[in-house]
Amino acid sequence: MIINSISPINYSFKANKKLNEALTNSVIQSDTFERTEYKVQAENPAINWLENSNFIKQELCKILSDSNNKIGQGFHHCVYSIPGNEDYVLRTSNHFDLNKIDINKYKIKDTLDKNLKVNIGQEAAQIIFLDNNGNESLVSLLRKQHGKPVGVPPFEAISYESGQLKEGEAEYDSKINKDKYAASIKALANMPVSAYEKLLDDLKHTNELGYYFDYLNSNNLMYDENSKTIGLIDMDKNSGYLNYGNVLYALSNINYNTTYSGNFGYKVTDDEKYQAIENTITIIDRYMQAMKNKGLKIDKDSCTYEFMKLFLSVPFCFYCNSTDDNKKWQKLQEMGIVE
């Protein structure tokens, strides 16, 4: 669906035979938690909870040793749910080893950023364990962001350097992952433009405070179908340029698109392939409309390799109604989206 305030674009599959034929050979080169405002308080409730409960000594090790509690894994961290707790989750390094910590030797550190006005799954506290050699191992307590992660993470995030999948991970081209991809882009396509505007506001606010959004992993975005919102997680302090093209790359999960439509693993139907393209086009359109409403632009001179994968993709070609790069840039400039 194309928003009325943007010049209509016809991306009918049947009507544009030449474009369909051109796109047949235009394949991407490679593919390889409730949303609420955070209210600043005079003291950190996470610290109060940790200090006035027996959670660390009685529950923490049980949770981290049960793979059923793992709810996400990225390039550097694993995240675990806390059964019965709707306020926090746990995060460890991928190299964290329970066998090397002494559960009786730890300190609690208050790390809550009281300047943050939104929930981005931010760190509220650290539990720092010591081993017999005095080395530290860290467990972070994070604000819980409700919802489901967008898409499927890059293969590198769920596999070892050898190429072997990490324990508990489904095959990359399995039905499980293809269903996750399809469900998430369908949900995002059903989000109103206001959801994308709120996401852009949150990104701008966090960037001003020095937080960095890791766009390489689409799982760092969470969608909540009940509240019709898109949330952020796993953001670290690493002040840098906020690249709006990279955000769209993550939202579209375009990195997984060719895997989804490919002939390896579980095979989806042609109708499912077309539906995924339609949903991606809608995501692009609503994000662009939100950017236009907020007066934001994509810097053509700062485009990354990842954004160009999206730019060259089948859905983006249909969105711009062209396979010609110059014409695509011209279309975005006419829309006021590009510098």
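Remember, predicted model here, so these are calculated numbers, not experimental data. (Residues numbered from 1 in each chain as written. Predicted model: local features only at pLDDT ≥ 70, side-chain atom pairs only at ≥ 80, totals over all residues. Heavy atoms only, no water.)

Undergrad: Whenever I open this one, the sheet that holds strand β7 (residues 148-149) confuses me. Can you help?
TA: Read from one edge to the other, the open sheet built from 3 strands follows the order β7-β9-β10, with strand pairing classed as antiparallel. The two strands at the open ends of the sheet, each matched to only one other strand, are β7 and β10 (229-232). Across 4 bridges, strand β9 (residues 221-224) lies against β10 in antiparallel orientation. When the sheet's bridge partners are listed, M222 is paired in β10 with G231. Across the sheet, helix α4 (residues 175-189) lies against β7, β9 and β10, angled at about 65° from β9, the strand it touches most. Across the sheet, helix α5 (residues 193-208) lies against β9 and β10, angled at about 20° from β10, the strand it touches most. (Pairing = 2+ DSSP bridges. Helix = DSSP H or I, 4+ residues; strand = E, 2+ residues; numbered from the N terminus. Contact = heavy atoms within 4.5 Å. Axes fitted to C-alpha atoms, helices over the stretch in contact; angles between N-to-C directions.)

Undergrad: Would you mind going over the packing of helix α6 (residues 244-252) against helix α8 (residues 270-294) with me for this structure?
TA: For any two helices packed against each other, one specifies the inter-axial angle together with the distance between the axes. Two elements in contact, α6 and α8, have axes whose closest approach is 10 Å; the angle formed by their N-to-C orientations is 150°. With respect to their mutual orientation, α6 and α8 come out roughly antiparallel. When you trace α6 past α8, the crossing you get is right-handed. Residues Y244, V247, L248, L251 and S252 of α6 pack against T280, I283, I284, Y287, M288 and M291 of α8. Considering only residue class, the contact of α6 with α8 consists of 9 nonpolar, 2 polar and no charged. (Parallel < 35°, antiparallel > 145°, perpendicular 65-115°, else oblique. Left-handed = near helix turned anticlockwise from the far one by under 90°. Nonpolar A, V, L, I, M, F, W, Y, C, P; charged D, E, K, R; others polar.)

Undergrad: For this particular structure, what's the right way to read the side chain of T280?
TA: As for its position among the elements, T280 is in helix α8. Looking at T280, its side chain comes within polar contact range of the main-chain oxygen of A276, at 2.7 Å. What T280 contacts, discounting residues up to four positions off in sequence, is Y181, I185, S252, I254 and P315. (Polar contact = N/O pair within 3.5 Å; in protein donor to acceptor, adjacent residues only side chain to side chain.)

Undergrad: For this particular structure, what's the right way to read helix α3 (residues 55-65)?
TA: Since the α-helix advances by 3.6 residues per turn, residues separated by three or four positions end up pointing in the same direction. Every buried residue belonging to α3 is among F55, I56, L60, I63 and L64, and all of these are buried. Buried residues in α3, looked at end-on, bunch into an arc of 90°, giving them a common side. Residues of α3 that are exposed and point over 90 degrees away from its buried face: K57, K62 and S65. Contact partners of the buried residues in α3: α2 (45-51), β2 (77-81), β3 (88-93), β4 (106-110), β5 (123-130) and β6 (136-143). (Buried < 20%, exposed > 50% of the residue type's maximum accessible area, 1.4 Å probe, protein only. Arc of directions from axis to C-beta.)

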